[in-house]
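So the chains spell out like this:
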Amino acid sequence: MCALPSSCAQRPPACTRTSKNSCDLLTSRASGSCSNDIGRLLGANLKILRNIILQDGAEFTKVWSKTSKSLIAYESGRIYFDNYRCCYSSLLPEPEQLYELPKAPKTEKIEDALLCQCPLDKVLPNPSDQKSCLLVLTAHNWLYRLSADTGKTLERIYLSSHFKFRSLGWDSSQETLYVKSIQSKQTTLERQAGVNNNILMHVAVFQVFPLELVGMLEINKKVFGKTAVDVLLSQGVLAVSHSSKHVKLYSFEYIVNKFRIEELALGQQCEMKGIVGEAPYGIPVNIHIHECPPVLFEMSYFENGVQIGGHPWHYIYTPNHKRHRGTHHICSITDGALAKNGIQDMKCDSLEADWIFFHPDDSGRIVHAGPSTINVLKIMAETGCDWKYEIVTAFSITAARDDSAPQVIVTSSGRAVKRRFQLLDDDPAQQTFRMVKYEDELDLLAVVDITQTEDEGQAHLRLHDNKTGLLMKRVPLKEPWDVTYSHEVYFDRDTIIHTVQEKNNSFCCHVYKMKRRPPDEP
């Protein structure tokens, strides 16, 4: 057989492949006849993995467990114990420890952390910036950048000796982050002197890869209102919440352009004061907001705040009146018009409320989940009217229910007694949904359902097709599910991680791995 020279052989693009068989795709990959496009190659590999996981012969087996005295966190193949001090990789057949940081006093404990994935679209001057890192905020106001694989300190920034910082958050995921201080309180001296403290809190904003300072701003109640109680940054928007259950949104770009008095760089010498990001100087306030910026959007809500998303842009909220409790209103952000069928009400008769959120797959859909039903909704333009919208159910997932219980009971004396109370939607005797998550790489919805068996709950992880809602697989979890304690379930490629709070106020992490059942087993 004659083979073409390597200079003449061309890989066909991924879009030309028509085979859907996993074996054919694996053979093509091994022979190098896949695509020279890395993104398409990864996509093809994930389709193969999805096909394997959903086969009848694929099982999830518990391979590892570990207890902890503190909360357990998981993200992107890494399990964090002891308040982020100890890290294990879950990518191997059994989790293995990556690193363990030295013990630190309570005054230097880790308050919060964010995992930063390395960028793939650009080459950075510093090789350490090209690798994933963990950003940790400590109790003594240091922001550390640690290697995600070794825990080695790559960079550290001192924030302030005047303000106590407590939490980290993403403004734009993997691009811009913010560090938020605790709320300022009036001191005894200020109270005695009759001086009002109008500073609510301080926020420091950074760009990542490489880590660069955008600025430090203070949130002043004289500017944003006396009822302001909290702030956050999301997608370039500064959201200010008020005690009156009111939220106002402002453009952060406008704030930076108008109110930043000077640009500061980490390591920069500031006259005779000190070095930016070094102790004891820290980061000075360089964004002074002396007047209220233009309000982009404002809304009163009853509970659970306001969510913005969808295609086209809509927002979800509960109007600020008790008669609307339990309902979710979906409105256009353009003019505030309520969409047709835009009031979603499950009328749940349950101890726990239903929940609603924009689908994280960027399809613009909405997920509305309750104890017995999960509805995936679409925002559609009304027929013949491009500026009016309606909410349409794409598909529904329903729990298995036993509705055969008689409504009329006959006593031993022959008297008929009508059942006075209906069963709750989350009755322990019925199958109940507890969690809905999205596995983006396999395009599957992961749903946790609970069924009471004797004295304990039995949990299953259901895998549904994200486009149709069709149930593809149901995986049992071995641990009993006690609804009085907190649980988290993560489904990540071929791994299931179940973290649970136990009765003695400790925590346990259970790891399941996908394995192929031998062909001779039933």
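Residues numbered from 1 in each chain as written. Predicted model: local features only at pLDDT ≥ 70, side-chain atom pairs only at ≥ 80, totals over all residues. Heavy atoms only, no water.

If you check an unreviewed UniProt entry, the chain appears there as Ddb1 and cul4 associated factor 17 from Cyprinus carpio carpio.

## Remarks on the layout of surface pockets
This is how it is decided: Here a cavity means grid points, on a 1 Å grid over the protein atoms only, where a 1.4 Å probe fits yet cannot get out; a pocket means an open set of points with protein on both sides within 12 Å along at least five of seven lines; lining residues are those with an atom within 4 Å of a point. Grid points are joined across faces, edges and corners, and a volume is the space filled by probe spheres set on the points. Strands here mean DSSP runs of E at least two residues long; helices mean DSSP runs of H or I at least four residues long; both are numbered from the N terminus. Ten residues, namely Ala, Val, Leu, Ile, Met, Phe, Trp, Tyr, Cys and Pro, are considered nonpolar, four, namely Asp, Glu, Lys and Arg, are considered charged, and the remaining ones, Gly among them, are considered polar.
The calculated volume of the largest pocket comes to roughly 1,300 Å³. In terms of lining, the largest pocket is formed by 32 residues, of which the most central are Ser-76, Glu-439, Asp-440, Glu-441 and Asp-492. Contributing elements (two or more residues each) for the lining of the largest pocket: α2 (38-53), β2 (73-75), β30 (432-439), β31 (444-453) and β34 (487-492). Of the residues in the lining of the largest pocket, the class split is 15 nonpolar, 6 polar and 11 charged. In this structure, the second largest pocket encloses a volume near 880 Å³. Forming the boundary of the second largest pocket are 26 residues, of which Ser-234, Gln-235, Gln-307, Ile-308 and Gly-309 lie nearest the centre.

## Some thoughts on the pairing of strand β8 (residues 142-147)
Filter applied, for reference: The cut-offs for exposure are 20% and 50% of the maximum accessible area for each residue type, with area from a 1.4 Å probe on protein chains only; residues under the lower value are buried, those over the upper are exposed, and the others partly exposed. Strand pairing follows a simple DSSP-based rule, namely that at least 2 bridges must link the two strands.
The element β8 is extensively covered by neighbouring structure, given that 6 of its 6 residues are classed as buried. Burial of the side chains of β8 extends over both faces: Trp-142, Tyr-144 and Leu-146 are buried on one face and Leu-143, Arg-145 and Ser-147 on the other. Here 5 bridges tie strand β7 (residues 133-138) to β8, and the two strands are oriented antiparallel to one another. Looking at the pairing, Val-136 lines up with Tyr-144 of β8. Hairpin remark: β7 followed by β8, antiparallel, with 3 residues in the connecting loop; positive phi at Asn-141, about 70°. The antiparallel pairing of β8 with strand β9 (residues 153-158) creates a hairpin that spans 5 residues between the two strands, and Gly-151 there sits at a positive phi of about 80°.

## Things to note about the pattern of salt bridges
What counts is decided by this rule: Any Lys or Arg side-chain nitrogen found within 4 Å of a carboxyl oxygen on Asp or Glu counts as a salt bridge.
One pass over the structure, following the stated rule, counts 20 salt bridges. Residue Arg-365 pairs with Asp-361 through a salt bridge whose shortest N-O separation is 2.8 Å. Residue Arg-365 is classed as buried on the basis of its relative accessible area of 10%. Ionic contacts of the salt-bridge type, sharing partners, join the residues Asp-82, Arg-85 and Glu-100 into one network.

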